[in-house]
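Close look at the chain arrangement
One letter stands for each residue in the lines below.
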Amino acid sequence: TQVLTLFPYTTLFRSPSERITMGFIGLGGQGSGHLFGGAWTYVSGGYLGRDEVQVLGVCDVRQERRESALNRVNEHYASKAGASSYASCTAYRDFRELLARPDIDAVLMALPFHWHAPMAIMAAKAGKDIYSEKPVALTIEEGRLLVETVRRYGRVYQAGTQQRSEYDGKFRRACELVRNGYIGKLKEVYAYRPGGGFTPNLQNVSSPGIPVPATFDWDLFIGPAPWQPYTGGNGHCGVFAFGDPNWGPHHYDAVQWGIGADRTGPIEASFEDGHSVLRYESGVVVRASGYPGERVGDVGGACFVGTEGRIAVDRDNIVADPPSILSQQLGPNDEHVYESKSHAGNFLECVRTRKRPICDVETAHRAMSLVLLGGIAMQLKRKLTWDPVREKFPKDEEANRLLSYARRPGWQV
């Protein structure tokens, strides 16, 4: 039997200077989709199908997932090499072992919601570039810690809000028309999704639990979150979350891009008529609901309403009232936003060039903050003043306590 072993800094397909070595942490539907190809990866075969990528590590707390991924990766490389087997990849239960490898350049993480920010912070400290799925953080405090750590260690960070790159440029087109005044002065944005955030999910604490399967590392799955026994039904990605912190960031990322607020945020959050409302210093109001009578915007998008018209955009459609707005061409002095036609490709390019990716860590944090601010307003059900520079609620300790949570001993970030 012919067995080929791939050693660090060798590759079958490209020179070492061109090749990006990667590890994949979290191998459920989203993570496996990125690795092997899925509806949101837009490249046949996912990252594994890219010749410029070499997959050296896969990691999951569930044994069956990591072993399945390991076999598929090695079989793929064996097929490309024309060998019966090819030992190029290693499977890990503990992500810290994968992060400790000096020969891995970048990691892609598709994790339980409460793990995204803490693990990304640890990855940045380990010198890895990061592609992180949503939610990028479950509290505003850990989102800011993530931003500071990525900057301090000089890492590339791309959030998985791929609407900035994919879907035939519909979101880019809508945002450029809005930002250049083709709907007049922007007044309101409808985000279609509620806020959300962290919850300790205390209803499981009193349960006696059931035996944890031998193939599942429950303690590592819990990680920094409050301990609770395994019940068989709480081993899901959103066990420590409420509201819509996973799908909502797509909507609020589109909102921020259209407003031109990627480096700032609102100055007020409130809860009105059953949904959260965010107000910006410019006077723009963002509502966590749909525009009356307009269905476009519900699939990851938003509806922008100005003094002279409106534009609604989502993954399937872009519409305007009046329709003639969409026929407008940008003038020579109009503002153009960052253009990317492949979200994964943009990440890999930025790993090579060290340029800022289209949804970098500050952009991702600010969009996620809208979801989390809406969630705090939902919890307190009153008007809150927000300082987007200090990222605090001035003179409001009740609200400020909801900006963070106490992590389990040993997992402080």
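Please refer to the structure placed before this passage.
Residues numbered from 1 in each chain as written. Predicted model: local features only at pLDDT ≥ 70, side-chain atom pairs only at ≥ 80, totals over all residues. Heavy atoms only, no water.

1. Notes on the sheet that holds strand β2 (residues 20-25)
Read across the open sheet, the six strands follow the order β5-β3-β2-β6-β7-β8; overall the sheet is parallel. At either end of the open sheet lies a strand with only one pairing partner, and these are β5 (90-92) and β8 (157-159). Taken pair by pair, the neighbouring strands of this sheet meet at an average axis angle of 20°, ignoring direction. Across three bridges, the pairing between strand β3 (residues 53-59) and β5 is parallel. The partner of Val 58 across the bridge, within β5, is Ala 91. (Pairing = 2+ DSSP bridges. Helix = DSSP H or I, 4+ residues; strand = E, 2+ residues; numbered from the N terminus. Axes fitted to C-alpha atoms, helices over the stretch in contact; angles between N-to-C directions.)

2. Examining the nonpolar core
The biggest cluster of nonpolar side chains holds 87 residues, and the ones touching the most others in it are Ile 25, Phe 95, Val 107, Tyr 157, Val 189, Ile 259 and Val 286. For this core, the element with the highest residue contribution is helix α10 (residues 361-380), accounting for 10 residues. When near neighbours in sequence (up to four residues on either side) are disregarded, Ile 259 contacts Leu 186, Val 189, Tyr 280, Val 284, Val 286 and Phe 304. (Core = buried A, V, L, I, M, F, W, Y, C linked by side-chain atoms within 4.5 Å. Buried < 20%, exposed > 50% of the residue type's maximum accessible area, 1.4 Å probe, protein only. Contact = heavy atoms within 4.5 Å.)

3. Comments concerning the packing of helix α6 (residues 170-179) against helix α8 (residues 248-259)
The interhelical angle for the contact between α6 and α8, taken along N-to-C directions, is 40°, at an axis separation of 8 Å. Taken together, α6 and α8 sit at an angle that is classed as oblique. Counting all contacts with α6, which are made through Phe 171, Arg 172, Cys 175, Val 178 and Arg 179, the residues of α8 involved are Ala 254, Trp 257 and Gly 258. Within the contact of α6 with α8, the residues separate by chemical class into five nonpolar, one polar and two charged. (Parallel < 35°, antiparallel > 145°, perpendicular 65-115°, else oblique. Nonpolar A, V, L, I, M, F, W, Y, C, P; charged D, E, K, R; others polar.)

4. A short note on the pairing of strand β6 (residues 106-109)
The two faces of β6 match: Ala 106 and Leu 108 on one face and Val 107 and Met 109 on the other face are all buried. In terms of strand pairing, β2 meets β6 through four bridges, oriented parallel. Residue pairing across strands places Phe 24 opposite Leu 108, the latter belonging to β6. Following the backbone out of β6, through helix α4 (residues 116-125) and into the adjacent parallel strand β7 (residues 129-132), one traces a crossover that is right-handed. (Right-handed = clockwise from strand over helix to strand, strands pointing away.)

5. With respect to the side chain of His 365
You can see His 365 is positioned in helix α10. The class of His 365 is buried, set by a relative accessible area of 4%. Setting aside chain neighbours within four positions, we find His 365 in contact with Val 136, Ile 140, Gly 143, Arg 144, Val 147 and Glu 391.

6. Brief notes about the packing of aromatic side chains
In this structure the tally under the stated criterion is 17 aromatic pairs. Plain terms: the ring middles of Tyr 77 and Tyr 86 are 6.3 Å apart, the flat faces sit at 55° to each other, and that makes the pair tilted. Take Tyr 77: its relative accessible area is 1%, and that puts it in the buried class. Considering the side-chain rings of Trp 115 and Trp 411, the 5.1 Å spacing of their centres and the 90° angle between planes classify their relative orientation as edge-to-face. (Phe/Tyr/Trp six-rings, centres within 6.5 Å; stacked < 30°, edge-to-face > 60°.)

7. Focus on the pattern of salt bridges
Taken as a whole and judged by the stated rule, the model has 33 salt bridges. Between Glu 362 and Arg 366 there is a salt bridge, and its shortest N-O distance comes to 2.8 Å. Separated by four residues within a single helix, Glu 362 and Arg 366 lie in helix α10, roughly one turn from each other. Like Arg 366, Glu 362 is buried. Bridged by salt links that share partners, the residues Arg 144, Arg 151, Glu 362, Arg 366 and Glu 391 form one connected network. (Salt bridge = Lys/Arg side-chain N within 4 Å of Asp/Glu carboxyl O.)

8. What to know about helix α5 (residues 140-152)
Over its 13 residues, α5 extends 18 Å from the first C-alpha to the last, a length consistent with the 18 Å expected when each residue adds 1.5 Å. The complete set of buried residues in α5 reads Ile 140, Glu 142, Gly 143, Arg 144, Leu 146, Val 147, Thr 149 and Val 150. Lining the buried residues of α5 we find α4, β8 and α10. (Expected span 1.5 Å × (residues − 1).)

9. Observations concerning empty space enclosed by the protein
This model, assessed by the stated rule, comprises three cavities of 30 Å³ or more. As a volume, the second largest cavity reaches approximately 40 Å³. Lining the second largest cavity, in full, are Lys 134, Val 136, Ala 159, Thr 161, Pro 249, Cys 359, Ala 364, Ala 367 and Met 368. Ranked by residues supplied to the lining of the second largest cavity, first place goes to α10 with three residues. (1 Å grid on protein atoms, 1.4 Å probe; cavity = no way out; pocket = protein on both sides within 12 Å on 5 of 7 lines; lining within 4 Å. Points joined across faces, edges and corners; volume = space filled by probe spheres on them.)

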